[in-house]
Amino acid sequence: MKKSLPLGIVFFAGVVMFFQHFIPTDQSEFIYKYANDWLICIGVYAMLLGIWSLIRVTLHKARHDPNERFYAIVTLVSMGIMIVAGWDVDNLRAGSLFMNMFNYILIPVQATIFSLLAFYVASAAYRAFRARTVLATLLLFTAFVVMLRMIPLGYISELNQYLVAWILSVPNLAAKRAIIMGVGLGMMATSIKIILGIERQYLGGD
Amino acid sequence: MAKQENLFDKMMSIDRRVIYLLLGLAVIVPAIFPFDVPVATTPEVESVFHFVDSLGTGDYLFLGVDYDPSTMAELHPMTKAILSQCFSQDVKVIITALSQNGPGMVESIINEIADQYGAKNHIDYCFLGYKPYPGIVVLNMGVNFKLTFPNDYYGASLDTIPVMQGIKNYTECAGVIDVCAGNIADMWIQFGNGRYGVPLALGVTGVMASDYYPYLQSGQIFGLMPGMKGAAEYESLSGYKTTGIRSMAYQTSTHVIILAFIIISNIGWFLSRKEEKKIG
Amino acid sequence: MGTAELLWNGLAALLTLFIFSFLYRDNVFYKFAERLVAGVSAGYWTILLYHTSFTDKVIVPIFEQQHYWYIIPSILGIMMWTRFSRKWAWLSRISLAFYIGIATGVALPIAMYASIYRQLQASMVSISLDWAGINSALVTIGLLCSLAYFYFSKEHDGWFGGISRVGIYTLMIGFGAGFGLTVMGRISLLIDRVLFLKDYVLTLFGA
């Protein structure tokens, strides 16, 4: 019951939704659109579950870890302020405290955290890009040519534009197409295994 | 001899703090001594521009703003340029934001750009907002907007919004442009274009850009704006210049530094290998 | 820029510098900014989910429009929360099964079409002796060789080894192009923050 019921639901829902794709009738479209709409509804609860998990973990830290207590309180208080500030739907508009906190706290911090990657990518390029083998040389040469596009060098830049366009639309295209097709085949195989109940890791233990 | 070997080793093992410092200086120098960099346009960006340019009064464009603050540096300029072009041509725009912080991204620019062109919410554009599970949302919007978004982002019923009258789903729009960081672009390709055949163009981050050229050649997308360079190209085509073109000088100075480091490390490596061979 | 906006921008500039301080080493300023934004982000998402999704998909359909069939997905959603109970955690599998079944069933034919059929179709173009025709042939050769590299049911030696060797060369060029564009992407993020700080300083000094 604990496993066979979910497996049965996956099989039934999977088969019905697969075949409705090939049966364009009003009835099948009705099932299709309401099944999808219900998923969004379930998703709302799942997302809220994620937020509750964050609160639980942060509360646990605030109670039991003296080194993390201050930071846990910062997280909980800022979250509380956001919830109170955004309680009224009108506060979703620009100019409210809710949106000011988004614009002047969330945006700069998140953007700056990711901007640190610029330093790491520069350091990684310096250390990793060495022409040790044919493969490494190909990688280095292509990356070099693509990066050179950002530097205006007159006639060389004009030639380089053509070379970059060719790299992106011929060898890069072939390589990425192979990956897309590989991923597509993998997705199909995994989907079939899930629907048939062969792949059941998503159910977890017990 | 030993002195030379040391020099080669040093060329290959520059301290990371030196790299950070020089990269930092490379972004500060253009801020103090600004200079212009020519922006050559590419066919993939031109096709997006010409598509929007061909739209006129009464046409609808669907714009997906599916990115967070972490990638707004690359994608915000594209969104701004497209919105300004649409509003200047009286094109109606329907907007969604399917990433977690996407609605905040839209809200931070929409009023400013709309005000510049006198565009009105609910008359010239409609911001539908956010719903979880982007793949499912894309599928359902291909049937009917109202099914997934009975109300817009501000809580107004779609039945009462003038711009949403007479349009049922995005296949009735001239096309979809998804400005995106992450796999929502794949969902638009698979579900939006794959299932419903809607003409689709993408604005993506530099990290993602090379992955989407196969879709461009197969015709699943008709245009592609790759990262900040794509944004700068679009800005130069549309004439609505913000941070895209402005940042090109900074791109040049930082790329010079990174390429210089790569050259130094490779010269060091070649010369040290040559020395090793000489010594035997 | 008014005083309030100037102050808000000052806070944003200060938090930007807090994060940059991580380049030196991990410190209290960085940690503070990081945890502050974790709370702001969670609060933002909670409110966003409530106003744009919970209201539209639960409150309005069930309580205002009397569309009582929306109770079913709501029950399935609530069952997700049984994950916190050891005894009842298995109930969450039913909601999960509903989601996975529908999502895989819907995605399967579409993935087959968009990722396999359309990509194969685009690789099968007629050969011509002009520049475009040569490039198309190169794409097809590169694709076949790259696919051969991913084929592990045959040992990569002899003529097959040669093909897969060309495949890995093609893939390396693809990864190189990807890395070149990644550098541009990452640098863009840094430039944006520098432009923000520059503009703020200029505003502060009235320039």
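Residues numbered from 1 in each chain as written. Chains lettered and ligands numbered in written order. Predicted model: local features only at pLDDT ≥ 70, side-chain atom pairs only at ≥ 80, totals over all residues.

## Digging into the overall build of chain A
- Check the secondary structure of chain A and you find seven helices and zero strands.
- The C-alpha atoms of chain A give a radius of gyration of 26 Å, which is well past the 17 Å a tight globule of 206 residues would have.
- The burial tally for chain A puts 41% of its 206 residues in the buried class.
- The long-range fraction of contacts in chain A, counting pairs at least 24 apart against all pairs at least 6 apart in sequence, stands at 22%. (Helix = DSSP H or I, 4+ residues; strand = E, 2+ residues; numbered from the N terminus. Rg over C-alpha atoms; globule rule 2.2 N^0.38 Å. Buried ≥ 20, exposed ≤ 12 C-beta atoms within 10 Å, placed from the backbone. Contact = placed C-beta atoms within 7 Å.)

## Considering the interface of chain A and chain B
- Each partner contributes to the interface: chain A provides 45 residues, whereas chain B provides 48 residues.
- Where the side of chain A that touches chain B is concerned, the elements lending two or more residues are helix 2 (26-64), helix 4 (97-128), helix 5 (134-148), helix 6 (155-169) and helix 7 (171-195) of chain A.
- Sorting elements by how many residues they give to the side of chain A that touches chain B places helix 4 of chain A first, with 14 residues.
- Residue composition of the side of chain A that touches chain B, by class: 30 nonpolar, eight polar and seven charged. (Nonpolar A, V, L, I, M, F, W, Y, C, P; charged D, E, K, R; others polar.)

## Section: the interface of chain A and chain C
- In this assembly, 95 residues from chain A lie in contact with 93 residues from chain C.
- Secondary-structure elements contributing two or more residues to the side of chain A that touches chain C are helix 1 (4-20), helix 2, helix 3 (66-85), helix 4, helix 5, helix 6 and helix 7 of chain A.
- With 21 residues, the top contributor of residues to the side of chain A that touches chain C is helix 4 of chain A.
- Of the residues belonging to the side of chain A that touches chain C, the class tally is 78 nonpolar, 14 polar and three charged.

## Focus: the pairing of strand 2 (residues 92-96) of chain B
Residue and element names in this part refer to chain B.
- Of all the five residues making up strand 2, five are buried; the element is thus mostly covered by neighbouring parts of the structure.
- Because side chains alternate across strand 2, one face comprises the buried residues K92, I94 and T96, and the other comprises V93 and I95, equally buried.
- One ladder, built from five bridges, connects strand 1 (residues 60-66) with strand 2; its direction is parallel. Considered in strand 2, the bridge of L63 is made with I95.
- The parallel pair strand 1 and strand 2, bridged by helix 4 (residues 72-88), forms a crossover whose chirality is right-handed. (Pairing = 2+ DSSP bridges. Right-handed = clockwise from strand over helix to strand, strands pointing away.)

## Things to note about the confidence of the model for chain C
- Scored by pLDDT, chain C comes out at a mean of 92, with 100% of its residues at no less than 70.
- For this predicted complex, the interface score ipTM comes out at 0.89, alongside a pTM of 0.92. (pLDDT = per-residue confidence, 0-100.)

## Details of the sheet that holds strand 6 (residues 223-226) of chain B
Residues and elements named next belong to chain B.
- An order of 3-2-1-4-5-6 is seen for the six strands of this open sheet, with the pairing classed as parallel. Strand pairing shows two members of the sheet lacking a second neighbour, strand 3 (125-129) and strand 6, which therefore form its edges. Pairwise comparison of adjacent strand axes, ignoring direction, gives a mean angle of 15 degrees for this sheet.
- Sheet strands touched by helix 8 (residues 184-196): strand 1, strand 4 (175-180) and strand 5 (200-204). Its angle to strand 4, the strand with the most contacts, is close to 160 degrees. (Axes fitted to C-alpha atoms, helices over the stretch in contact; angles between N-to-C directions.)

## Structural notes on the domain arrangement of chain A
- Per the domain assignment, the segments making up chain A are domain 1 (1-84), domain 2 (86-128) and domain 3 (130-198).
- Domain 1 of chain A and domain 3 of chain A are separated by 35 Å when their C-alpha centres are compared. (Domains from an automatic or database assignment.)

## Some remarks on the environment of A:L116
- Tracing the sequence through the fold places A:L116 in helix 4.
- Here A:L116 is in contact with C:F22 and C:L23, once residues within four sequence places are set aside.

## A look at the domain arrangement of chain C
Residues and elements named next belong to chain C.
- Taken as a whole, chain C is organised into domain 1 (1-66) and domain 2 (130-207).
- Between domain 1 and domain 2, the C-alpha centre-to-centre distance is 34 Å.
- Counting residues at the interface gives four residues for domain 1 and five residues for domain 2.
- For the side of domain 1 that touches domain 2, a count of residues per class yields two nonpolar, two polar and no charged.

## A word on the confidence of the model for chain A
- Predicted confidence across chain A gives a mean pLDDT of 91, with 99% of residues reaching 70 or more.
- Element-level pLDDT for chain A is lowest in helix 2 of chain A, with a mean of 89, against a maximum mean of 95 in helix 5 of chain A.

## What about the packing of helix 3 (residues 43-53) of chain B against helix 11 (residues 227-238) of chain B?
Residue and element names in this part refer to chain B.
- With their axes 10 Å apart at the nearest point, helix 3 and helix 11 run at an angle of 45 degrees to one another. In terms of their interaxial angle, helix 3 and helix 11 are classed as oblique. The chirality of how helix 3 crosses helix 11 is right-handed. Contacts between helix 3 and helix 11 involve V45, E46, V48 and F49 on the former and, on the latter, G230, E233, Y234, L237 and S238.
- Looking at the contact of helix 3 with helix 11 residue by residue, the classes come out as five nonpolar, two polar and two charged. (Parallel < 35°, antiparallel > 145°, perpendicular 65-115°, else oblique. Left-handed = near helix turned anticlockwise from the far one by under 90°.)

## Observations concerning the nonpolar core
- Judged by nonpolar contacts, the single largest core of 202 residues is most densely connected at A:A122, B:L61 and B:Y212.
- The biggest single contributor to this core is helix 4 of chain A, with 17 residues.
- The residues contacting B:Y212, other than those within four sequence positions of it, are B:L202, B:V204, B:I221 and B:L224. (Core = buried A, V, L, I, M, F, W, Y, C linked by C-beta atoms within 7 Å.)

## Some words on the pairing of strand 1 of chain B
Residue and element names in this part refer to chain B.
- Burial analysis of strand 1 places seven of its seven residues in the buried class, which makes it a mostly covered element.
- Going residue by residue along strand 1, you find Y60, F62, G64 and D66 tucked away on one face and L61, L63 and V65 tucked away on the opposite face as well.
- In terms of strand pairing, strand 1 meets strand 4 through six bridges, oriented parallel. Within strand 4, the residue paired with D66 across the bridge is C180.

## Considering the environment of B:F127
All names here are of chain B.
- Looking at the element boundaries, F127 is found in strand 3.
- For F127, a count of 22 C-beta atoms within 10 Å translates into the label buried.
- Here the alpha-carbon distance between F127 and P103, two residues 24 residues apart in the chain, equals 8.8 Å.
- Excluding residues that lie within four positions of it along the chain, F127 makes contacts with I95, V106, I110, D152 and Y153.

## Details of the packing of helix 4 of chain A against helix 6 (residues 158-204) of chain C
- Put simply, helix 4 of chain A and helix 6 of chain C touch, their axes get as near as 8 Å, and they point 135 degrees apart. It follows that helix 4 of chain A is oblique to helix 6 of chain C by the angle criterion. Helix 6 of chain C is crossed by helix 4 of chain A, and the crossing has left-handed handedness. Mapping the contact onto sequence places A:A111, A:T112, A:F114, A:S115, A:L117, A:A118, A:V121 and A:A125 in helix 4 of chain A and C:T182, C:V183, C:R186, C:I187, C:L189, C:L190, C:D192 and C:R193 in helix 6 of chain C.

## Overview of unusual backbone geometry
Residue and element names in this part refer to chain B.
- For D90, which is not glycine, the phi torsion reads 65 degrees and is therefore positive.
- For D90, the location among the structural elements is in the loop between helix 4 and strand 2.
- A residue is classified by how many C-beta atoms lie within 10 Å of it, and D90, with 14 of them, is partly exposed.
- Located in the positive-phi region is H122, a residue other than glycine, with phi close to 75 degrees.

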